[in-house]
Every structure is written in structure tokens, then in C-alpha cells.
2 protein chains.
Amino acid sequence: MLNPVTPEFEAQLRAVLPAVVFKNPTAYLAEPRGRWMGQGFVIAPSDTAGVAAVVKACAQARIGIVPYSGGTGLVGGQVVTDGPRPVVLSLDRMVRLRAVYPAENVLICDAGMILADVRKVAAGVDRLFPLSLASEGSARMGGLLSTNAGGVNVLRYGNARAQCLGLEVVRADGSIWHGLSRLRKDNTGYDLRDLFIGAEGTLGVITGAALKLMPRPAVQGTAMMQVASPAAALDLLALAGRIVGDGVSAFEFIHRQGFAFLSEVGPDVKMPFATVPEWCVLIDVGLAAGQSPEAVLAALFETAAGAGLVADGVIAQSEAQRAALWDIREGIPEANRRVGSISSHDISVPISLIPQFIEQAGAALDAVGDFRINCFGHLGDGNLHYNVFPVQGKTRADYEAQRSVIKDVVHELTNQMGGSVSAEHGIGRLKVGDLQRFGDPVKLAMMRAIKDAFDPDGIMNPGAVLPPAGV
Amino acid sequence: MLNPVTPEFEAQLRAVLPAVVFKNPTAYLAEPRGRWMGQGFVIAPSDTAGVAAVVKACAQARIGIVPYSGGTGLVGGQVVTDGPRPVVLSLDRMVRLRAVYPAENVLICDAGMILADVRKVAAGVDRLFPLSLASEGSARMGGLLSTNAGGVNVLRYGNARAQCLGLEVVRADGSIWHGLSRLRKDNTGYDLRDLFIGAEGTLGVITGAALKLMPRPAVQGTAMMQVASPAAALDLLALAGRIVGDGVSAFEFIHRQGFAFLSEVGPDVKMPFATVPEWCVLIDVGLAAGQSPEAVLAALFETAAGAGLVADGVIAQSEAQRAALWDIREGIPEANRRVGSISSHDISVPISLIPQFIEQAGAALDAVGDFRINCFGHLGDGNLHYNVFPVQGKTRADYEAQRSVIKDVVHELTNQMGGSVSAEHGIGRLKVGDLQRFGDPVKLAMMRAIKDAFDPDGIMNPGAVLPPAGV
């Protein structure tokens, strides 16, 4: 069992760690949507040695540690509502750019550096750091790596995992792994980097990262195309692969319900079509110098139209038009928040099963009740945000009784199709039960073995990802 | 301690596993260059259940298991020369293509499938499986993944790790992890896939793999350009990033010594330049439809010439000319074998330090003696094959006394520069000492913890990667 932080332990930390700043906890304990209120003693070391000192003190006292990065996670990985009061270890004073090597396409930073700042530094040396998501103005690299964040460019560049070359990590015993490699190839031993990436702080605290930069595409282009069906969208994706090669950087799926919500509650966006399509896709391409994205997208559209895949389309002719098309996609999550979902799901299935999933999930939910479904997301990755909303005139509160049934229907179907009930958000504390229920038992046994080997007292982010040992 | 395979154990396996084929061991025990002769009882199950049954029997009897894939590895991971006689578990009857999903860009196969066959199946559905290396006609997927193989397309597509979506693995206790995911995104728990990839069979036996296919580039082109220096080669690489985007699929470095060896001992290749350059690079690009690789490469050459980076160049105007340029690069390892190296090194350093490495390694070896150095390889990945040869008129045998000094000089310098002493070949048994010597102690402690948690009796590929427990 873990011990809670006591006033004596607080005093001990203050005495031995004068460089560590003790924070007013309020800002660090609330879940971003206000769903839960956590507890904890919030401290913010300014460097890796400080993190190691805090972890050592907690290890000696058997006190839990919750690593806190940008706090933008949606599955409660950063929020502990009950159990012994933990230390909340904020990274927000560890924001240094350590080095940038443009000739190597490498950037090394503290784990508290904010994603938007990383992207700016990369752009400043004419490089691209591709990871991009709605919360990039506040999400920090440590959390983005610990949760293996996704976003809109995964199709082309992979998720956070694919954009990391090396890590610096403070282990549960306070020892420091100096793994900030700038190497592209290194086959000397087990891949520990990828073990910490996605472990959500349960195996150690990421304190620094060596990130992989990319050449910036010389030219970029964007189109929105009406597709006949989800199956036609998949055919269009394959066609885009043949015509554009791997220059397709985003392939986002939008349902009519998304446009309807935008019209109903905003935010205001410019509608590209006179009649709202049942399904459409937003395609982004990044190409080499000398190519015309508009011409490539037009060629794609014409071939697709000839095959009966697309009915209408808009190809951006300027940066302003590109931004306007992206405003639609990026406005949908905000519109969803304003409407208020009954239940939201971040699922993935094998890409070719998406049409079947959409059909079967819709039919199964019809049997449960009357809802509005906004299904959108990263089609190119097989990742759908499948969100269920009240019918007009009702609110989220009117559906309390049905919420868990809806969730079960969606997650059971996802699992039957070999899918994932957490494509990009992670497990946190919200989905611990889902992982136990749907996870392969041999996988769970291996995870438990690693957790016990790396953190035998269970002090690292207790209760996240795995239930406490012995439960 | 492990037990050796006894005649009784052989008889027991034959009785309980009638479907397992017992092989004439000779072909499976020799190191590919004939450097060592191994020992073992060779068996070849035809499916995953058979592998699990063999592993269970070995676990009960505490008998070591050496997974044997294509047998092409160069660091002795597949060869046990001493200690208790192990079971050698060949995958060569597990060659089934399990499924291919062109719409998902996924191929699922048994771990014994040969790389060239995987590439053929992918091409047959108009896709690319990018992993490509000299031994692809005999290397099998299980070994390629277990060693995280590299090759010539890492710059663009990553190594084997980046081309795998999921695994099926038989663990040391005989349990089976069913992890053959077709998903692009799945953030449910620790990344076990990447732990088995590169573990060289020391944590379990990979029996199946879900592989990621790519769109085939619509058009491809190749050029060879003379560069003024290693530093100029790096500037050219950066320029290629700006002009070609991420369409650069290979960027290989060739020294004059490579051309000299080809002239001296063959194989016969067509020389592209009247005067052999000190340094040159081989560049491959794959582009979208409508682009001209020749025009893109010509634009790159002209810009580079304007900046004083390149002096002369050849741009292939046909597939035959492309093949002729690649023949030079691919002939070099064979020429090296014919000359006979004193000591070969598969190292990587941070890319921008390559010019410094070449200069300092050359100077340090000058102080040791008179050699010919053939330095070539995957410049875009920071991975050099830095091989040291006798001067003309002498042979490898004349340098026995200097071999370990040469190796130490190269590996020490690599380590001082933050490099890797095994960029793509792995640790096997040959480099166990190097890993202990150069590896971060915290990394080694974590590796040991994982090994002990996954394989407490140490039966999986004993002696590879890590020394036996307690040593």
C-alpha cells in the first residue's frame, strides 16, 4: 500500500529541495472538461536532477507520483480522485530547448516544452515537427510522448512514437536513463524508448526527448470532396495513394451531422457546398518543389469522379482557402462540446472494416434509442471519433440511464472487429476497466510483469493503465 | 543452469510432436561466413502451436532455445558454439502468407516467410513493402524483425520496426501473445511489439507478423554525384530534403576505395566517371505521378553545383542505367569479401559528426599501421560500414595482432561521439561484451529486469544480447 503525502513529508521536501517550486494546486487538479477534481501535493522541479530527487524521496516514503505535463489528456491519466494523496509532479518549469541540429533533423528539449513551441523552433530552422493536434498550444512533450499522441498528421508522419529518437527518463528508484540519442540507427539492445512512450508515466517520468524533424514540404494543398459513401471514401484514399504517393498528409472524414452542429451552435465557418453532403473528406497533400498541389488534387478528383467515387469537390486556391477548409474540421470538436455528447468514443478498426462498423454501430444504437451520431475523424488511420448526442430539444442529462449501454454497444462492436477502444487517447484511469475487459490476457500478463519489474512498489502514476497490483 | 538436449529429450519431443520435422543440422549450425560452427538439435515446427509445444517442453526441461530464421545474421545470434546443447528452432516450415489487405496496406504472414516473397506479394497488389537488403532472398521476416533489420531504404521508410503493425509471439513459458493487429492507431497499454522487435529472440519467438505496406512511388529515379567532401555530402543531403521533400529514399555514400576494390577483384561493374572520385553519393528518389525524377535530380544537381557541393554527376535515364548505378553500390560488399577485411564495423554517429568521425578515425588508424579503409554506407541514416583492409600484397592473416586494436580504436571513437557500435547488425553473441562496455548502466539494468521478468530461467536464445544471469 502507498502512503499519503503528510505535512511532515511536505516539510521534508521543502527542506531538502530548495530549488523545487511548490505550486498552488488548484490549476493542476481539475480534469480539463471539469468532470473530476483530483487531489495531490503539486511540485515543479526545474531540472532532471530535481525530478530524480523528488522521485527518490517518494520512493523512500512509498508515496505515489502523478507526472503532470500539459494536463490536456481526456482519460484522467493526470487526475487522482481518491486513494492516498500523491505528489503531482509538474513539468511546467522544464521548458528548455536543449539543442537543435538542423543538419541532423534533430531537436532535443526538456519534457515540459510546449508542442507549439517545438513546432516554432523547427520552422525557424526550415524544418517540420509534424505532430499537430488541437491542444498543441498547451500540451507538453512529456505528456505527448507518454500518451503516444496522435493528431491530424499520423497518416503521413506517424504518431508521437514515430517522431522520437531518444528519451531521458527518471525511473521509479530515482535513477536516470540517459537515452537522448541523436542516432537514426542503433541496434544495441532492447527498445526501451518505445516502452516508456505510451506508458502514461506508470514506468518512469520522461524528463527530456530527442525529436525527429522532417523536411518541410515545398508546397501544400487542400481539398474537400463529397464521397458517395464510407466505402467510396476508402477507395478514394487508395486512389490518392496511387496518384499522390505518400504525399497525402491528412485524410479526414466528416459526416453531415458535423456540418449540422456547426450551423446549429457554431463556431461560424464558411460552408463549401451549397447542399450539405452526407459524407465528405478533407485531404491535405505536401509535395516537392515544382509540383502543383492544385493540379495533383484536380487529377485525383477527375479520376475519382470517373470511378463514381466523388460527386463534388472544392480545391483550395490560396492559403486562406486552405485555412477555411481546415476551420470546418477543427470546428467540429468545439461544436460537439457545445451540443454536449451523451457518450464519446475514440475507436479504431481495421481500415477496410470502417463502412461495416459505421453501418452496424448505427443499427445497434437504433435499437437502443433515438440519438444524433457525429462520426468523424482520421479515416486514413482507421480512427473514428464516434460520438453520440441527444436529439434536438433534449440534453446530455436526459440520457444518464443509457450512457453505459451506448458505450458497451460501441466498444463491444469495436472489439469484435479487432479494433481498439482507445485509438489515440490512451487508458488513463477512465479506461482501466476496458483494458482489463478487452485486452489479450497474455498482453496483460506481460504488462504486469514489466510494471512489477520497473516499479515494484507501484509509486509511478498509481491507478493509471493497470489496476494496483493484487487487484 | 540450463540442461543440454539429451537423446531422451529428443525421443520425448519426437513422441509428443509428430508434426514437427527434425532436420539434418549441418545447414543450420554454420555461421554464414564460416567463422564459427555451432551446435544444437534442429527442429522445424509447421505452425505456431508447434512452436508453443516445443517451447513448453524446453521450459519444463530447462533447455535453451535458439530461434533460427534465415540464418543470415552477422553477429552470431543464431549460432551457439559452446555451453549446454540447445534446441535450434527453425522457422523454415512457417512460410504461409496468412492474409493481405490492399485497402488497408496490411500483409500478415508467418515469421518464416522470406523477405523477397513478401515484397513480391506486395508488388502483386500494387503496394511496396520497403524493407530491402542484400540478403532478402534468404532472410526471413522473424529474424528481420527480431534484429530490427535496416537496409537501403531506412532514410525514407524506417527500419523493420517502422514497417510492422503487430506480432504473434510465443513467450518463454509457451503462452502465445495474439498481437497481429491491423490497426494504425491503438493506445491501449504498453508497446510490447517494439520490445520483441530487436530483442533477437531473447524474450520470445516471433511466429507471425502484421506488416505495413506503402503506396508504390509512381516514378523513381537515381543519380550518382561526386561530392567535394563528407561535409559536402551532408549539405547535399539537406539540399535534397529541401528540393525533393521526403521523396529521397536512399542516400548512399561511396569512397574511392570501393571503386578501387571493384576494379581490383570485381564483381564487374560499369564505372560512371572517367576519373574515380574521392567521394560520391548514390541518390534514389520516388515521386508522385506527373513528376520527372530526372528533372528533379537535375535541379538538385544544378543547385548543388552552384553551391560548390558537387563536381560531376550522372542521372540515370532508364531502368537499365538505374540498375547499373545500384550495381556499384551493391557490388562493394562482395568486393570487400573478396579482398578480406581485417576488421569490419557497423557503426552510426550523429549525422553531422560524420566528417569528423571519418577524419579522426583515419588519423587514429594511421597511428596504428598501414591499412586500406573502405568507408561506405547509409549516409542519410548516419550509418557507416567502416571496414579496414590489408594493404596490397598482404592478407587478413598478416594482421592478426592488430585486429583488436583496430576494433577498439573505431569503437572507442564511435562511443565518444555518442554513436552506436551496432547500427543495424544487432548484438548477437559477437557484441555482448561491447554492449556491456559501452551501454548506459541504467539501460543495462532495465534490460536485465525485462529479461528476468520474461524469461526467468534464461532459456530464450541463451548468451545472446545479454550475458547469462549472475555473470
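Residues numbered from 1 in each chain as written. Chains lettered and ligands numbered in written order. Predicted model: local features only at pLDDT ≥ 70, side-chain atom pairs only at ≥ 80, totals over all residues. Heavy atoms only, no water.

What follows covers the overall build of chain A. Per the secondary structure count, chain A includes 15 helices and 18 strands. The principal-axis extents of the C-alpha atoms in chain A amount to approximately 70 × 55 × 40 Å. Split into buried and exposed, the 471 residues of chain A put 60% on the buried side. Within chain A, contacts between residues separated by at least 24 positions form 74% of all contacts whose residues are at least 6 apart in sequence. Accessible surface, chain A: about 16,600 Å² in total, of which carbon and sulfur atoms supply 52%. Once the 41 positive and 46 negative side-chain charges of chain A are each reduced to a mean point, those two points are 5 Å apart. (Helix = DSSP H or I, 4+ residues; strand = E, 2+ residues; numbered from the N terminus. Buried < 20%, exposed > 50% of the residue type's maximum accessible area, 1.4 Å probe, protein only. Contact = heavy atoms within 4.5 Å. Areas by Shrake-Rupley, 256 points an atom, 1.4 Å probe, with all protein chains shown as cover. Lys, Arg positive; Asp, Glu negative; His and termini not counted. Charge placed at Lys NZ, Arg CZ, Asp CG, Glu CD.)

Moving on, we come to empty space enclosed by the protein. Gaps between atoms show up when a probe of the same size as a water molecule is rolled over them. Overall, the coordinates contain 2 cavities of 30 Å³ or more when judged by the stated rule. Along its surface, the largest cavity is lined by 19 residues, and Asp246(A), Arg156(B), Gly286(B), Ala288(B) and Gln291(B) are the ones closest to its centre. Every element with two or more residues in the lining of the largest cavity is listed here: β14 (279-287) of chain A together with β14 (279-287) of chain B. Tallied by class, residues from the lining of the largest cavity come to 7 nonpolar, 8 polar and 4 charged. Computed from the structure, the second largest cavity encloses a volume of approximately 30 Å³. As for the second largest cavity, its lining consists of Asn187(A), Gly189(A), Thr147(B), Asn148(B), Gly198(B), Glu200(B) and Gly426(B). Grouping the constituent residues of the lining of the second largest cavity by class yields no nonpolar, 6 polar and 1 charged. (1 Å grid on protein atoms, 1.4 Å probe; cavity = no way out; pocket = protein on both sides within 12 Å on 5 of 7 lines; lining within 4 Å. Points joined across faces, edges and corners; volume = space filled by probe spheres on them. Nonpolar A, V, L, I, M, F, W, Y, C, P; charged D, E, K, R; others polar.)

This brings us to the confidence of the model for chain A. Mean pLDDT over chain A works out to 94, with 100% of the residues at or above the 70 mark. Our summary of model confidence lists the complex with pTM equal to 0.96 and ipTM equal to 0.95. (pLDDT = per-residue confidence, 0-100.)

Glancing now at the relation of the copies chain A and chain B. Superposing chain A onto chain B takes a rotation of 180 degrees combined with a translation of 0.0 Å along the rotation axis, leaving an RMSD of 0.0 Å. The transformation just described matches what one would write down for a two-fold rotation axis. (Least-squares fit on C-alpha atoms with pLDDT ≥ 70 in both.)

A separate point is the sheet that holds strand β4 (residues 87-90) of chain A. Residue and element names in this part refer to chain A. Read across the sheet, 4 strands follow the order β1-β2-β4-β3 without closing on themselves; strand pairing throughout is mixed. The strands lining the two open edges of the sheet, one partner per strand, are β1 (21-22) and β3 (65-68). Relative to β4, strand β2 (residues 41-44) runs parallel, the two sharing 3 bridges. Residue phenylalanine 41 lies in a different strand from β4, and its bridge partner there is valine 87. Against the sheet, helix α1 (residues 7-16) makes contact with β1, β2 and β4, and its axis sits at roughly 10 degrees relative to β2, the strand it touches most. (Pairing = 2+ DSSP bridges. Axes fitted to C-alpha atoms, helices over the stretch in contact; angles between N-to-C directions.)

With that settled, the discussion passes to the side chain of Ser146(A). Looking at where Ser146(A) falls in the secondary structure, it is placed in helix α5 (residues 141-146). Among the residues examined, Ser146(A) registers a relative accessible area of 11% and is labelled buried.

All names here are of chain B. The terminal C-alpha atoms of helix α10 (residues 293-306) lie 20 Å apart, and with 14 residues this matches the ideal 20 Å at 1.5 Å per residue to within 8%. Within α10, burial applies to Pro293, Val296, Leu297, Leu300 and Ala304. Along α10, the residues classed as buried sweep out an arc of 95 degrees about the axis, all on the same side. Facing away from the buried side of α10 by over 90 degrees, the exposed positions are Glu302 and Gly306. Contacts made by the buried residues of α10 are with β12 (219-227), α8 (230-244), β14 and β15 (310-315). Remark: glycine 308 follows α10 within two positions and exhibits a positive phi of approximately 75 degrees. (Expected span 1.5 Å × (residues − 1). Arc of directions from axis to C-beta.)

All names here are of chain B. A rise of 1.5 Å per residue sets the reference length of helix α3 (residues 48-61), with its 14 residues, at 20 Å; its end C-alpha atoms lie 20 Å apart and thus fit the reference within 8%. Among the residues making up α3, those that are buried are Thr48, Gly50, Val51, Ala52, Val54, Val55, Ala57 and Cys58. Once α3 finishes, arginine 62 follows within two positions and takes phi at roughly 55 degrees, a positive value.

Residue and element names in this part refer to chain A. Within the open sheet, the 5 strands sit side by side as β5-β6-β10-β8-β9. Their pairing is antiparallel. The two strands at the open ends of the sheet, each matched to only one other strand, are β5 (97-101) and β9 (176-179). Neighbour-to-neighbour, the strand axes of this sheet turn through a mean angle of 15 degrees, independent of strand direction. Note: strand β6 (residues 106-110) against strand β10 (residues 204-212), 5 bridges, orientation antiparallel. Bridge assignment links valine 106 to a residue of β10, and that residue is lysine 212.

Residues and elements named next belong to chain B. When you tally the buried positions in strand β18 (residues 383-389), you get 7 out of 7 residues, the bulk of the element. Side chains of β18 alternate between two faces, with Asn383, His385, Asn387 and Phe389 and Leu384, Tyr386 and Val388 buried alike. As paired strands, strand β16 (residues 346-348) and β18 are joined by 3 bridges and run antiparallel to one another. Residue aspartate 346 lies in a different strand from β18, and its bridge partner there is histidine 385. When strand β17 (residues 372-378) meets β18, the two strands line up antiparallel, connected through 7 bridges. By the bridge assignment, phenylalanine 376 is partnered in β18 with histidine 385. Hairpin connection of β17 to β18: 4 residues between the antiparallel strands, including glycine 382 at a positive phi of 70 degrees.

With that settled, consider the interface of chain A and chain B. Each partner contributes to the interface: chain A provides 83 residues, whereas chain B provides 83 residues. A buried area of about 6,400 Å², summed over both sides, lies between chain A and chain B, and 60% of it is on carbon and sulfur atoms. Area buried by chain A at its contact with chain B is led by Lys185(A), Asn187(A) and Tyr190(A), which between them contribute 16% of it. Joining chain A to chain B, the criterion identifies 6 salt bridges. Salt-bridge contacts for Lys185(A) lead to Asp381(B); the nearest nitrogen and oxygen are separated by 3.5 Å. At the junction of chain A with chain B, the criterion picks out 29 residue pairs in polar contact (both at pLDDT 80 or more). Elements that contribute at least two residues to the side of chain A that touches chain B include exactly α6 (154-157), β9, α7 (192-196), β11 (214-215), α8 (230-244) and α15 (441-454) of chain A. The element best represented in the side of chain A that touches chain B is α15(A), accounting for 10 residues. Considered class by class, the residues forming the side of chain A that touches chain B number 38 nonpolar, 24 polar and 21 charged. (Buried area = accessible area lost by both parts, 1.4 Å probe. Salt bridge = Lys/Arg side-chain N within 4 Å of Asp/Glu carboxyl O. Polar contact = N/O pair within 3.5 Å; in protein donor to acceptor, adjacent residues only side chain to side chain.)

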